[in-house]
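Here is how the chains run, residue by residue.
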Amino acid sequence: MGSNMSTLPERRSVFPSPMSPKTNNMISTFKEKKVGQQTTVSPKASRVIAFHSSARWRAYFESSKQTNKLIVLDFTATWCGPCRYMDPTITEFADKYTDVDFVKIDVDELMDVAREFGVQVMPTFLLMKNGREVDKVVGAKKEDLRCKIERHRVSHN
């Protein structure tokens, strides 16, 4: 196996998500700004949607079947080096391709979803339209992913 992929370990532990439900399942970054004596924090929401509940994922997935919009599923794990390497690229692509939805699924949190899609290696990127897989990238292959996103997008800005 190449250095740009990680396989699922034999034993996996599932830890509760540190994210609060109030984050609306979005990965967010925050910018602090000093205003006089007060520090204000303004969220800069990422366009990458992270699901931490199988039920919420299924509701989103069912509704996605009604649209021709491209969805990029990023199957990842916190312990996966190649996944961490791809994180900035996924954020960059999400900002660039605003007509595409980017979804992050942690295989340790949502093992049932990873199993349903047959994911065995991380990172795995599934490109979906109308609830069907239209393409796939296995491993930390930025250019392959970029090319496949470009090929399957609905609109080309």
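This report concerns the structure included in the present document. Predicted model, so just to flag it, every value in this text is computed and none were measured.

Quick look at the overall build of the chain now. Across its full length, the chain holds four helices and eight strands. Each helix and strand of the chain, placed in order from N terminus to C terminus, yields the pattern β-β-β-α-β-α-β-α-β-β-β-α. Per-residue burial for the chain yields a buried fraction of 40% across its 157 residues. Looking at the chain alone, contacts between residues at least 24 apart form 70% of all its contacts between residues at least 6 apart. Looking at the chain as shown, the accessible area adds up to about 9100 Å², and 51% of this sits on carbon and sulfur atoms.

Grouped together as the largest cluster of nonpolar side chains are 22 residues, with contacts concentrated most on Phe51, Trp57, Leu73, Phe75, Val103, Ile105 and Phe117. Sorting the residues of this core by element identifies β3 (38-51), α1 (54-64), β4 (71-76), β5 (101-106), α3 (111-116) and β7 (124-129) as the ones contributing at least two each. Contact partners of Phe117, with chain neighbours within four places excluded, come to Trp57, Phe61, Leu73, Phe75, Leu126 and Met128.

Tracing the chain through its elements places Thr76 in strand β4. Separated by 31 residues in sequence, Thr76 and Val107 have C-alpha atoms that sit 6.0 Å apart. Apart from the residues lying within four places of it in its own chain, the contact partners of Thr76 are Cys83, Lys104, Ile105, Asp106, Val107 and Met122.

This part is about the packing of aromatic side chains. All chains considered together, the criterion is met by eight aromatic pairs. Centre to centre, the rings of Phe51 and Trp57 are 5.8 Å apart; their planes meet at 70 degrees, and the pair counts as edge-to-face. For Phe51, a relative accessible area of 6% corresponds to the buried category. Ring geometry for Phe93 and Tyr97: centres 5.9 Å apart, planes at 65 degrees, overall edge-to-face. Taken together, Phe51, Trp57, Tyr60, Phe61, Phe75 and Phe117 form an aromatic cluster joined through their ring pairs.

Turning our eyes to something else, we now look at the pattern of salt bridges. Any two side chains of opposite charge can pair, on the condition that their charged atoms come close. Applying the stated criterion to the full structure yields eleven salt bridges. With a shortest N-O distance of 2.9 Å, Asp101 and Lys69 are connected by a salt bridge. One end of the pair, Asp101, is in strand β5; the other, Lys69, is in the loop between α1 and β4, with 32 residues separating them in the sequence. Accessibility expressed as a relative area gives 15% for Asp101, which makes it buried. Between Arg151 and Asp135 there is a salt bridge; the shortest N-O distance is 3.1 Å. Placement of the pair is Arg151 in helix α4 (residues 142-152) and Asp135 in strand β8 (residues 132-138), with a sequence separation of 16 residues. According to the relative accessible area criterion, Arg151 is exposed, its value standing at 54%. Sharing partners across several salt bridges, the network here consists of Arg58, Asp112 and Glu116.

Conventions used here
Residues numbered from 1 in each chain as written. Predicted model: local features only at pLDDT ≥ 70, side-chain atom pairs only at ≥ 80, totals over all residues. Heavy atoms only, no water. Helix = DSSP H or I, 4+ residues; strand = E, 2+ residues; numbered from the N terminus. Buried < 20%, exposed > 50% of the residue type's maximum accessible area, 1.4 Å probe, protein only. Contact = heavy atoms within 4.5 Å. Areas by Shrake-Rupley, 256 points an atom, 1.4 Å probe, with all protein chains shown as cover. Core = buried A, V, L, I, M, F, W, Y, C linked by side-chain atoms within 4.5 Å. Phe/Tyr/Trp six-rings, centres within 6.5 Å; stacked < 30°, edge-to-face > 60°. Salt bridge = Lys/Arg side-chain N within 4 Å of Asp/Glu carboxyl O.

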